[in-house]
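# Structural overview for review
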Amino acid sequence: MTEQAKDGVVEAVLIEGADEAIIEANRRLFTHWRLILIASMTGLYAAFHMIALNGLSLSGLTGLEISFLPSFPLETWNFRIVHIAGALFIGFLLFGSRTKFADPTSTPHQNATRLALLLLALALIACAGAINFSLRIAGGEMWNGMSPEFRNPEIYWFGLPLLIATFGGIILGWFDRTPRH
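Residues numbered from 1 in each chain as written. Predicted model: local features only at pLDDT ≥ 70, side-chain atom pairs only at ≥ 80, totals over all residues. Heavy atoms only, no water.

### Points about the packing of aromatic side chains
Under the definition given, this model contains one aromatic pair. Arranged with centres 6.2 Å apart and planes meeting at 70 degrees, the rings of Phe133 and Phe158 form a pair that is edge-to-face. Of this pair, Phe133 sits in helix H4 (residues 110-138) while Phe158 sits in helix H5 (residues 148-175), and the two are 25 residues apart along the sequence. Here Phe133 falls in the buried class, since its relative accessible area comes to 10%. (Phe/Tyr/Trp six-rings, centres within 6.5 Å; stacked < 30°, edge-to-face > 60°. Helix = DSSP H or I, 4+ residues; strand = E, 2+ residues; numbered from the N terminus. Buried < 20%, exposed > 50% of the residue type's maximum accessible area, 1.4 Å probe, protein only.)

Below is the structure:
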């Protein structure tokens, strides 16, 4: 503990640096438009939680019936899925899978970028498959998962692309070194 005199008033400094935020070794440091994008995404994620849990709906407020929008409050299992998926999405954006980032002046490896775009395309194919399934079920189609017209799209247009994209993204995250920012 040190004491400092300022204009005859003695101020006690209890702990040096106690108010400084600790930055984890694998946390990304965003600047400029990336910082605004991440902050907006986290704000929208928090707003979604408030809207989903309190039952606020667009059709209830405006009278507009827009298809494909969820009805609020969300069912528990739907909310849990979206909650975990959103938290993982934001978490993987905020933190790197490695603690050693590349130098800020290094250029990204082109093959890793191409592989990442390919994995993103596979993930989008899986999302399109899930939307297709939900539209078919909402249209009254009975989903049993046993007949080939249901089983094959579920495996080849949802399961395999999602599996490859997920594990490919994890493995790519281990080996690709991007700058921290």
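### Considering helix H3 (residues 76-94)
Along its 19 residues, H3 runs 27 Å from first to last C-alpha, staying within 8% of the 27 Å computed at 1.5 Å per residue. Listing the buried residues of H3 in full gives Phe79, Gly86 and Ile90. Relative to the axis of H3, the buried residues are bounded by an arc of 45 degrees and lie together on one face. The exposed residues of H3 that point more than 90 degrees off its buried face are Trp77, Arg80, Ile81 and Phe92. For H3, the secondary structure elements touched by its buried residues are helix H1 (32-54). (Expected span 1.5 Å × (residues − 1). Arc of directions from axis to C-beta. Contact = heavy atoms within 4.5 Å.)

### Description of the side chain of His49
Its location among the elements puts His49 in helix H1. Separated by 2.8 Å, the side chain of His49 and the backbone oxygen of Tyr45 make a polar contact. Once you skip the residues sitting within four places of it in the chain, His49 turns out to touch Phe79 and His83. (Polar contact = N/O pair within 3.5 Å; in protein donor to acceptor, adjacent residues only side chain to side chain.)

### Things to note about the packing of H1 against H3
Any two packed helices are characterised by the angle at which their axes cross and by the distance between the axes. Between H1 and H3, whose axes approach to 11 Å, the crossing angle comes to 165 degrees. Overall, the two elements H1 and H3 adopt an arrangement that is roughly antiparallel. Once H1 is placed against H3, the crossing between them reads as left-handed. Contacts between H1 and H3 pair Ile38, Met41, Thr42, Tyr45, Phe48, His49, Ala52 and Leu53 from the former with Phe79, Val82, His83, Gly86, Ala87, Phe89, Ile90, Leu93 and Leu94 from the latter. Grouping the amino acids of the contact of H1 with H3 by side-chain chemistry returns 13 nonpolar, four polar and no charged. (Axes fitted to C-alpha atoms, helices over the stretch in contact; angles between N-to-C directions. Parallel < 35°, antiparallel > 145°, perpendicular 65-115°, else oblique. Left-handed = near helix turned anticlockwise from the far one by under 90°. Nonpolar A, V, L, I, M, F, W, Y, C, P; charged D, E, K, R; others polar.)

### Remarks on the pattern of salt bridges
Applying the stated criterion across every chain, the model contains one salt bridge. The residue Glu141 makes a salt bridge to Arg136 at a minimum N-O spacing of 3.0 Å. With a relative accessible area of 32%, Glu141 lands in the partly exposed category. (Salt bridge = Lys/Arg side-chain N within 4 Å of Asp/Glu carboxyl O.)

### Some words on a nonpolar patch on the surface
A cluster of nonpolar residues, Ile125, Tyr156, Trp157, Leu160, Leu163, Ile164, Phe167, Ile170, Ile171, Trp174 and Phe175, forms a patch on the protein surface that exposes about 1,200 Å² of accessible area. Tallying contributions element by element places H5 first for the nonpolar patch, with ten residues. Secondary-structure assignment places Ile164 in helix H5. Classification of Ile164 as partly exposed rests on a relative accessible area of 45%. (Patch = residues over 30% accessible without salt bridge, like charges linked within 9 Å, V, L, I, M, F, W, Y side chains within 5 Å. Areas by Shrake-Rupley, 256 points an atom, 1.4 Å probe, with all protein chains shown as cover.)

### Comments concerning the environment of Phe48
Within the secondary structure, Phe48 is located in helix H1. Once the C-alpha coordinates of Phe48 and His83 are considered, the two residues, 35 residues apart in sequence, prove to be 9.3 Å apart.

### Digging into unusual backbone geometry
Residues other than glycine seldom take positive phi values, yet His32 does so here, at roughly 55 degrees. Locating His32 in the fold gives a position in helix H1.

### Topic: the packing of H4 against H5
Contact geometry for H4 and H5: axes closest at 8 Å, N-to-C directions at 150 degrees. Helix-helix and strand crossings are classified by hand; for H4 and H5 the assignment is left-handed.

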